[in-house]
Amino acid sequence: MFRRSTLSALLLAVLLLPAAARAGDDRLNQNQKALDAVRERIGALQKKVEADQTERDALARDMQKIERRIAAAAQQMRALRTRIDEQQRKIRQTQADQQEAQRALDARRDELARQLRAAYVLGRQGETQLLLNLDDVQTVGRMLTYYDYLQRAQLTAMATIRARAEELEQLADRLQQEQAQLEQLRADQETALAELKATRAERADMLAQLKSRLSSEEDNLAQLKEDERSIRNLIESLKKTLADLPPDVSPSDKPFTAQKGKLPWPARGALLARYGENKAGGRLSWNGHWIAAAEGSPVRAVARGRAVYVGWMHRYGLIVLLEHEAGYFTLYGHCQTAAVQVGDMVRAGQTIAGAGSTGGYDQSGVYFEIRKGAEAINPQAWLAR
């Protein structure tokens, strides 16, 4: 027997279950509302950042437009390649279905031929003639039964052959349609590729203008200082914006600070520049690693985090900024395309972008920084050897 107190506790727990579920739903709704509000504020911040830098520099604005077109064309090319691969897979499957249907049709034809040969052995006369030629009643019964079986088997085989023949015709029609779709996709790919090549040629001209303008050491120094101020201001603004939405960290996740010296590299390639090296004639130094990588190759998150900014930042090009716990950020620049959007939680090793040369560079790769707040720190001490 349950004690009265135990029964009361059970009843109370049962009564509280719907309330707990409602509370959980309320928390989810509140989190979603907070995330939506943060996304809206970051979106407004992104527009302001991009508006500020394009107002300062018409050439940068034109370069950014061209790089956006290249990114869109490259994205379209990848989507077309995926669709072409899928179409080719469908064609291969249809061809396999055709071969299987043809084998089944041939098997049925062979079976029908055997049945016809068996009927010939019985004699080319009909059932009445068989009755006249056989004296034994049991033999007559067996022969009639076998004759009837042969007739029905032949009819079944012929019906199956007709069905298989119709199936082959349908498969042939389907294959023709799939081939036509493939040819259309290839034509679309050629158009996209031509547009991509033309846009890249346009970018090359723009890049020459940009290099010419920055050939003056003072101009280059001023621009680099402005770029660094922009990044610092962006992170400070984001810290205020994200105050109401702390990083979503699972108890099973290793803290970011515990992964020092163990973080995977965002891409594998030669170092075009490393943290601390001189630039701008030795009057400034690099705040991160610039890693060579083929255009469009995967750029991976070095640790679990949340995408807090995806946008264009002057000479940084297209950047993806991830927030980690304890006030750490990782920045991935010069990207060709982004594979995440603001608010997305990403896991370590997840592809977040494609390597590129955005920001007005002629070498493809990814520019990688680690920041504690707005301060850049040496990634060499954090990345695995």
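Here's a quick rundown of the structure. From a predicted model like this one, the values you see are computed outputs, not experimental measurements. (Residues numbered from 1 in each chain as written. Predicted model: local features only at pLDDT ≥ 70, side-chain atom pairs only at ≥ 80, totals over all residues. Heavy atoms only, no water.)

### Section: the overall build of the protein chain
- On a plain count of helices and strands, the protein chain comes out with 5 helices and 13 strands.
- Classification of the 385 residues of the protein chain by burial places 39% in the buried group.
- Look at the contacts in the protein chain between residues 6 or more apart in sequence, and 74% of them connect residues 24 or more apart.
- As presented, the protein chain carries roughly 21,800 Å² of accessible surface, and 52% of it is formed by carbon and sulfur atoms. (Helix = DSSP H or I, 4+ residues; strand = E, 2+ residues; numbered from the N terminus. Buried < 20%, exposed > 50% of the residue type's maximum accessible area, 1.4 Å probe, protein only. Contact = heavy atoms within 4.5 Å. Areas by Shrake-Rupley, 256 points an atom, 1.4 Å probe, with all protein chains shown as cover.)

### So, the sheet that holds strand β11 (residues 351-354)
- Here we have 3 strands laid out as an open sheet, ordered β5-β11-β9, and antiparallel in their pairing. Two strands in the sheet have a free side with no partner beyond their single neighbour: β5 (298-300) and β9 (337-338).
- Bridge count for β5 against β11 is 3 bridges, and the pairing is antiparallel. Across the sheet, residue Val-299 finds its bridge partner in β11, namely Ala-353. (Pairing = 2+ DSSP bridges.)

### Topic: the side chain of Ser-357
- Among the secondary structure elements, Ser-357 is positioned in the loop between β11 and β12 (365-372).
- Dropping the residues within four chain positions of it, Ser-357 is found in contact with Glu-67, Arg-203, Glu-295, His-334, Gln-363 and Ser-364.

### Regarding unusual backbone geometry
- The phi torsion at Ala-326 lies on the positive side, around 65 degrees, for a residue other than glycine.
- Inspection of the secondary structure assignment puts Ala-326 in the loop between β7 (317-323) and β8 (328-335).
- For Ala-326, a relative accessible area of 45% corresponds to the partly exposed category.
- In this structure, His-334 takes a positive phi of about 65 degrees despite not being glycine.
- By the element assignment, His-334 lies in strand β8.
- On the accessibility criterion, His-334 (3% relative accessible area) is buried.

### Describing the nonpolar core
- Membership of the largest hydrophobic core comes to 30 residues, with the highest contact counts inside it found for Leu-263, Leu-322, Tyr-332 and Ile-352.
- Of all the elements in the fold, those that place two or more residues in this core are β6 (305-313), β7, β8, β11 and β12.
- Ala-273, Trp-286, Trp-290 and Phe-329 belong to the second-largest nonpolar core, a separate cluster that totals 19 residues. (Core = buried A, V, L, I, M, F, W, Y, C linked by side-chain atoms within 4.5 Å.)

### Description of the pairing of strand β4 (residues 289-292)
- Pairing of strand β1 (residues 271-273) with β4 involves 2 bridges; the strand directions are antiparallel. Each residue of the ladder has a partner; that of Leu-271, found in β4, is Ile-291.
- Where β4 and β12 come together, 4 bridges link them in antiparallel fashion. Residue pairing in the sheet places His-289 in a bridge with Phe-368 of β12.

### Topic: the packing of aromatic side chains
- Scanning the entire structure with this criterion turns up 8 aromatic pairs.
- Ring centres 5.9 Å apart and planes at 55 degrees place the aromatic pair Trp-286 and Tyr-367 in the tilted group. On the criterion of sequence distance, the pair formed by Trp-286 in the loop between β3 (284-285) and β4 and Tyr-367 in strand β12 is long-range, its members being 81 residues apart. Tyr-367 carries the same exposure label as Trp-286, and that label is buried.
- Three or more aromatic residues joined by ring pairs form one cluster here, namely Trp-286, Trp-290, Tyr-316, Tyr-361 and Tyr-367. (Phe/Tyr/Trp six-rings, centres within 6.5 Å; stacked < 30°, edge-to-face > 60°.)

### Description of the pairing of β11
- Where β9 and β11 come together, 2 bridges link them in antiparallel fashion. Pairing of Thr-337 across the sheet is with Gly-354, part of β11.

### Some points on the side chain of Arg-371
- With respect to the secondary-structure elements, Arg-371 resides in strand β12.
- Accessibility expressed as a relative area gives 1% for Arg-371, which makes it buried.
- Within the local environment of Arg-371, its side chain forms a polar contact with the backbone oxygen of Ala-374, the two atoms lying 2.5 Å apart.
- If we ignore the near neighbours within four places in the chain, the residues touching Arg-371 are Glu-228, Ile-231, Arg-232, Ile-235, Asn-287, Tyr-316, Gly-327, Tyr-328, Phe-329, Ala-376 and Ile-377. (Polar contact = N/O pair within 3.5 Å; in protein donor to acceptor, adjacent residues only side chain to side chain.)

### Description of the environment of Thr-257
- Structurally, Thr-257 can be placed in the loop between α5 (217-241) and β1.
- Overall, the relative accessible area of 42% leaves Thr-257 in the partly exposed class.
- Measuring from C-alpha to C-alpha, the distance between Thr-257 and His-324 comes to 9.6 Å, with 67 residues separating the pair along the chain.
- Beyond its immediate sequence surroundings of up to four residues, Thr-257 is in contact with Ala-326, Tyr-328 and Trp-382.

### Some details on the pattern of salt bridges
- A complete count under the given rule lists 5 salt bridges for this structure.
- A salt bridge links Arg-89 to Glu-86; the nearest nitrogen and oxygen atoms lie 2.7 Å apart. In this pair, Arg-89 and Glu-86 are both assigned in helix α2 (residues 58-122), 3 residues apart and thus about one turn of the helix distant.
- Overall, the relative accessible area of 37% leaves Glu-86 in the partly exposed class. (Salt bridge = Lys/Arg side-chain N within 4 Å of Asp/Glu carboxyl O.)

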